[in-house]
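If you want the building blocks of each chain, they are given just below.
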Amino acid sequence: MAVAEVVYVDWRGNAVDERRHGGIRATIFLYGKALEVSKLHGTVVLFMLRSCPSSSNSSIVAYLHGTLHLDIVTSSTLTSYVAGAVLISAALMNFISDAYIKRTTAIFVFSPCVVLGYMLLALQAQLPSLHPPLCAINKEPNNCKPAQGWNFALLYLSLSMFAVGEGCMRSCIPSLGGDQFSSDDPKKSQLKSTFLIWLKFANSIGAIIGLVFLVWMENNLGWNIGFMMCAVIVLVGLFVAVSGTPFYRIQKPNGSPLTRTLQSCKRLTDKIALTNIEYDMLSQLSSTRMIIGQIVYTIWSTTQIDETRSIIQMLPIFISCLLIYLPFTLLMTLIIQVGSTMDTGAGKIQIRSASLIAIPTIFRMLMQPCYKRVLIPLLGKITGHAQGITPLQSIGVGSACGTAAAFFATLVETKRLNVVEQHELISFGTGVPMSVFWLVIQFFLLSIMDITSFGGLIEFIKSDTPLWMKPIAPTMQSFLAGLAAWSGCAFIQLVNGVTRHSSGGKGWLDGANFNRTRLNRFFLLLAAFELIAFINYTFWARRYTRKQQRISSVESDEDGIEM
C-alpha cells in the first residue's frame, strides 16, 4: 500500500522556506511550551523553558490520600485511570494530528484543557466546601471523611480535562519538534535525533526540579497554590509556543492510515465482484492482454493479502503486551503509596511522600543513556544484532523485570508488615521504622521495564508492520499501554471485591491504612499474573519468530531458483 506524501507548510499554508522555517530556532519555542507540570508532579522554574515531566501520574496519590482522604483502592484506581486517560488521549491526538488536523492546531486547541484542569483542582483544594474537612489521615485513618458526591465528580472532571491536554502535548510536541528537521538532509536528520534525546533528558530534569518545588509548596503554601502555579506556567508555555508559530514547519494532514486500509479493502472487494462481470469481456480480449491483466491483479491482491496476514499474525503479540503492561501502573502507584508509611529520612533530609516519584524518574534518566550507549553495544557484540537485542527480546526483558519487581515488592511488603506487627503500629497509618530505600530495587526494575518493554513494542511495530503502519507505531503502543492501565482499575477492584467476600467481609486492600492491609498478597498476585503473562508472551513471540524465519527461508529459496 502506498504511503501518502508528506508535505510541509508554514502557518499560513504556504510552502516552507528552509532558511526561515524549522531548525533549532523553532524548537526553542517548543522547549518553552513544555513548561507544564505533567501528571501533577509540580512545576519548574521559568528560566528552564524546557519540556517538563512526562513520566508517571503516581505522585497524585499524595493529594488523593492526604487531602481528599480517599482509600487505597479508590486512590489507586483514580491514578490508574489518569495514567490510562493520558495514554489513550496521546494515542488519539497522535492519530488525529497526523490524519485530520495540524499538530499546531491540536496543541493550541487541546492544551488549554490542562490549564482548566489545574484551575479546577486548585479551586477544589482552596474552597472548604469542595473537599473534606482537614484530618491527619496517617495518624487517624479511620476518622477521616473521604470526598464524595459532587466533590468526587469535580475531581473526575478536573483529572479528565488534565488528561486530554496532557495527552495532546505528550504526543504532539515531540512530533512537531521532529518536523522541524528534514529527514532528507543527513545533518538535519542527526539534529532531529539530538533534539529528541535532549527532549527526554529535559523531561527528567524538569520532573526532578518540579518535585522539589512541589514539596516546598505543599509544606509552605498548600496544594491550592501549587496547582494554580502549575496552571500559570502552562499558560506561559502556551504563549511562548504561539509566539514561535511563524517559524514552524508544519506537516499537512495526509489522511488516516486506517481509512486508506479500509478503502483498499473495499477496492479489493469491488475488484473481486467485478471479476465475474468482466470475465466474458476478458475472454474476448487477446490471450496476451488477459494474461498481463491477471498477473497485475494477482500481484496487487497478493500484496494486500500479505499485509493483512502480517497484521493478523501480530495480534497475539499485541494482546500479550496488553497483559504484560497491566501490573505496571498498579505496582508503581502502590509502591509509592506504601513508601509514605516508611522512614523517609536520608541523614538530616526528610523525603516527603510526594517526592518518592523522583526515585524512578532519576532511574529512568540514568538508564536511558546507559541502555543505549553501554548495554546495547555490549549486547550487540554478543548477539550480532545491530540493536543489541531484537524488539521482541526487549519486550521479554521488560516483562521479566516486571515479574522480578513484583516479587521483590512482595518480600519487602512482608518484611514491612512484620515490622508493623512487632512495633504494634497496626492502628497507625505511618511511622514504620523501616527505610524507604528498601523500595529502590523495585523502582530500578520498573524503570528497566519502562524503557525496554514499552520501547520494544514501538520498535517491533516499526520493523515488522507494513510501510503504511510504521508512522502510527507510537499511537498503537500508547493505546495498548493506556488500555492496560484502565484494565488495572478493574483488576484491583475485582481482587478487593473477591477477597472481601472470601475473608469475612474485609478485602486485602480495604480502608486507608496500609498497616491493616494484605498488600503483600496483592503484590504476590501481581507477580504471578506478570509471570503468566511473560510465559504467554514467550510462547507467541517464539511462534511468530519461527513463522517469520520460515517465510524468509521460502523467499530465499525462491530467489535462488530464479537466479
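By convention here, each chain's residues receive numbers from 1 onward along its written sequence. The predicted origin of the model limits local features to residues at a pLDDT of at least 70 and limits the giving and counting of side-chain atom pairs to 80 or more, whereas totals for whole chains, interfaces and linings rest on all residues. Side-chain figures throughout are based on the complete set of non-hydrogen atoms in the structure, without hydrogens or water.

- You'll find the protein entered in an unreviewed UniProt entry as Major facilitator superfamily (MFS) profile domain-containing protein, with Eragrostis curvula given as the organism.
- The protein has a UniProt comment under Sequence similarities (unreviewed entry) that states "Belongs to the major facilitator superfamily. Proton-dependent oligopeptide transporter (POT/PTR) (TC 2.A.17) family."
- Under Subcellular location (unreviewed entry), UniProt gives the following word-for-word description of the protein: "Membrane". UniProt positions are given in the numbering used here, feature names are shortened, and annotations may be inferred rather than shown by experiment.

Points about the overall build of the protein
Thinking step 1. Only DSSP runs of H or I reaching four residues or more are called helices, and only runs of E reaching two or more are called strands; each is numbered from the N terminus. A tally of regular secondary structure across the protein gives 15 helices and 6 strands.
Thinking step 2. Values of accessible area rely on a 1.4 Å probe in the Shrake-Rupley scheme; residue burial ignores everything except the protein chains shown. Carbon together with sulfur atoms contributes 66% to the accessible area of the protein, which is approximately 26,400 Å² in total.

A short note on the state of the cysteines
Thinking step 1. Counting rule for disulfides: a pair of cysteine sulfur atoms within 2.5 Å. Applying the stated criterion across every chain yields a total of 1 disulfide.
Thinking step 2. Residue pairing for C135: its cysteine sulfur links by disulfide to C144, the two sulfurs lying 1.8 Å apart. What sets the handedness of the C135 and C144 disulfide is the S-S torsion sign, and at about -65 degrees it is left-handed.
Thinking step 3. A residue is classified by how much of its surface remains accessible, and C135, at 22% relative accessible area, is partly exposed. Each residue's exposure class comes from its accessible area (1.4 Å probe, protein chains only) as a fraction of the maximum for that residue type: buried when under 20%, exposed when over 50%, partly exposed otherwise.

Here's the deal with helix α5 (residues 112-126)
Thinking step 1. Multiplying 1.5 Å by the helix residue count minus one yields the expected span of that helix. End to end, α5 covers 21 Å across 15 residues, agreeing with the expected 21 Å (1.5 Å per residue, within 8%).
Thinking step 2. For α5, the complete set of buried residues consists of C113, V114, V115, G117, Y118, L121, A122, Q124 and A125.

Re the environment of N151
Thinking step 1. Within the element layout of this structure, N151 appears in helix α6 (residues 150-179).
Thinking step 2. You can call N151 buried: its relative accessible area is 15%.
Thinking step 3. Linking N151 and H131, residues 20 residues apart in sequence, is a C-alpha distance of 6.3 Å.
Thinking step 4. We define a polar contact as two N or O atoms separated by no more than 3.5 Å, with the added condition that, inside protein, one atom must be a possible hydrogen donor and the other a possible acceptor, whereas residues neighbouring each other in sequence contribute only through side-chain atom pairs. A distance of 3.5 Å separates a polar side-chain atom of N151 from the backbone oxygen of S129.

Concerning the nonpolar core
Thinking step 1. Counting 69 residues, the largest nonpolar core has L457, F460 and F522 as its most contacted members.
Thinking step 2. Secondary structure elements with two or more residues in this core: α3 (72-99), α10 (287-339), α11 (358-383), α12 (391-422), β6 (432-435), α13 (440-464), α14 (473-502) and α15 (519-562).
Thinking step 3. Ranked by residue count, the leading element in this core is α10, at 16 residues.
Thinking step 4. Pairs of residues are marked as contacts when any of their non-hydrogen atoms sit within 4.5 Å. When sequence neighbours within four positions are dropped, the list of residues in contact with L457 reads F318, C321, Y325, I395, Q477 and L480.
Thinking step 5. Among the nonpolar cores identified, the runner-up in size contains 38 residues, and L70, L78, V82 and I107 belong to it. Throughout this description, the term nonpolar core refers to a set of buried Ala, Val, Leu, Ile, Met, Phe, Trp, Tyr and Cys residues connected via side-chain atoms within 4.5 Å.

A word on the environment of L87
Thinking step 1. With respect to the helices and strands, the residue L87 is situated in helix α3.
Thinking step 2. Beyond its immediate stretch of four places on either side in the chain, L87 contacts R170, S478, A481 and G482.

Brief notes about unusual backbone geometry
Glycine aside, negative phi is the norm for most residues, and most peptide bonds take the trans geometry.
Thinking step 1. Backbone geometry at H69 places phi at a positive 60 degrees, although glycine is not the residue there.
Thinking step 2. Examined against the element boundaries, H69 turns out to sit in the loop between α2 (61-66) and α3.

Here's the deal with α3
Given 3.6 residues per helical turn, the α-helix brings residues three or four places apart onto the same face.
Thinking step 1. With 28 residues, α3 should cover 40 Å at 1.5 Å per step; its first-to-last C-alpha distance of 40 Å lies within 8% of that length.
Thinking step 2. Of all 28 residues in α3, 24 are buried; the element is thus mostly enclosed.
Thinking step 3. Taking the backbone nitrogen of V73 as reference, a side-chain oxygen 3.2 Å away marks D71 as the first, capping residue of α3.

Considering the environment of I458
Thinking step 1. Along the chain, I458 turns up in helix α13.
Thinking step 2. Taking the relative accessible area as the measure of exposure, I458 reaches 18% and is therefore buried.
Thinking step 3. In the structure, I458 is positioned 14 residues away from I472 in sequence and 9.1 Å away in space, judged by C-alpha atoms.
Thinking step 4. With sequence-adjacent residues up to four places away left out, I458 is seen in contact with A473, P474 and Q477.

Brief notes about a nonpolar patch on the surface
Thinking step 1. A cluster of nonpolar side chains, contributed by L116, M119, M228, M229, V232 and V236, occupies part of the molecular surface with about 440 Å² of accessible area.
Thinking step 2. Elements represented by at least two residues in the nonpolar patch include exactly α5 and α8 (223-243).
Thinking step 3. Per-element tally for the nonpolar patch: the top contributor is α8, with 4 residues.
Thinking step 4. Relative to the helices and strands, L116 is located in helix α5. Exposure above 30% relative accessible area and the absence of a salt bridge qualify a residue for a patch, where like charges join within 9 Å and nonpolar side chains (Val, Leu, Ile, Met, Phe, Trp, Tyr) within 5 Å. Just to be clear on terms, a salt bridge is a Lys or Arg side-chain nitrogen sitting within 4 Å of an Asp or Glu carboxyl oxygen.

Points about the packing of aromatic side chains
Thinking step 1. Only centres within 6.5 Å qualify two rings of Phe, Tyr or Trp (six-membered ring in Trp) as a pair; their planes then separate them into stacked at under 30 degrees, edge-to-face at over 60, and tilted for everything else. Taken as a whole, this structure holds 15 aromatic pairs when the rule is applied.
Thinking step 2. Ring geometry for W223 against F227: centres 5.4 Å apart, planes inclined by 35 degrees, an arrangement best described as tilted. Of this pair, W223 and F227 both sit in helix α8, 4 residues apart, which is roughly one turn of that helix.
Thinking step 3. What makes W223 buried here is its relative accessible area of 11%.
Thinking step 4. Here the aromatic rings of F318 and F460 are separated by 6.4 Å at their centres, their planes lie at 75 degrees, and the arrangement is edge-to-face. Note that F318 is positioned in helix α10 and F460 in helix α13, a separation of 142 residues in sequence.

Section: the confidence of the model for the protein
Should the pLDDT be low somewhere, the predicted coordinates at that spot are not to be read in detail.
Thinking step 1. Confidence per residue, as judged by the predictor, is encoded in pLDDT with a range of 0 to 100. Of the residues in the protein, 70% have a pLDDT of 70 or more, and the chain-wide mean is 76.
Thinking step 2. Looking across the protein, the model is least confident in helix α9 (residues 257-284), with a mean pLDDT of 53, and most confident in α12, with 93.
Thinking step 3. Every residue in residues 32-58 is under pLDDT 50, and counting partners more than four places away or in other chains gives 122 contacts.
Thinking step 4. A low-confidence stretch, residues 276-280 (pLDDT under 50), is modelled with 0 contacts involving residues beyond four sequence positions or located in other chains.

Some words on the side chain of N513
Thinking step 1. For N513, the position within the fold is in the loop between α14 and α15.
Thinking step 2. Of the residues examined, N513 reaches a relative accessible area of 3% and is grouped as buried.
Thinking step 3. Polar side-chain contacts of N513 include one of 2.9 Å to the backbone nitrogen of N515.

Side note on the packing of α5 against α8
Thinking step 1. Between N-to-C directions, angles cover 0 to 180 degrees, with each direction set by a line fitted to C-alpha atoms, over the stretch in contact for helices. Interhelical geometry of α5 versus α8 gives an angle of 165 degrees and a closest axis separation of 8 Å. For the element pair α5 / α8, the angle class is roughly antiparallel. Crossing handedness for the pair α5 and α8: left-handed. Together, P112, V114, V115, Y118, M119, L121, A122, A125 and Q126 of α5 and W223, N224, F227, M228, C230, A231, V234, L235 and L238 of α8 make up the contact between the two elements.
Thinking step 2. Its residues assigned to classes, the contact of α5 with α8 shows 16 nonpolar, 2 polar and no charged. These descriptions rest on fixed angle ranges, namely under 35 degrees for roughly parallel, over 145 for roughly antiparallel, 65 to 115 for roughly perpendicular, and the rest for oblique. With the far helix as reference, a near helix turned anticlockwise by less than a right angle produces a left-handed crossing, and one turned clockwise produces a right-handed crossing. In this classification, the charged set is Asp, Glu, Lys and Arg, the nonpolar set is Ala, Val, Leu, Ile, Met, Phe, Trp, Tyr, Cys and Pro, and all remaining amino acids, among them Gly, are polar.

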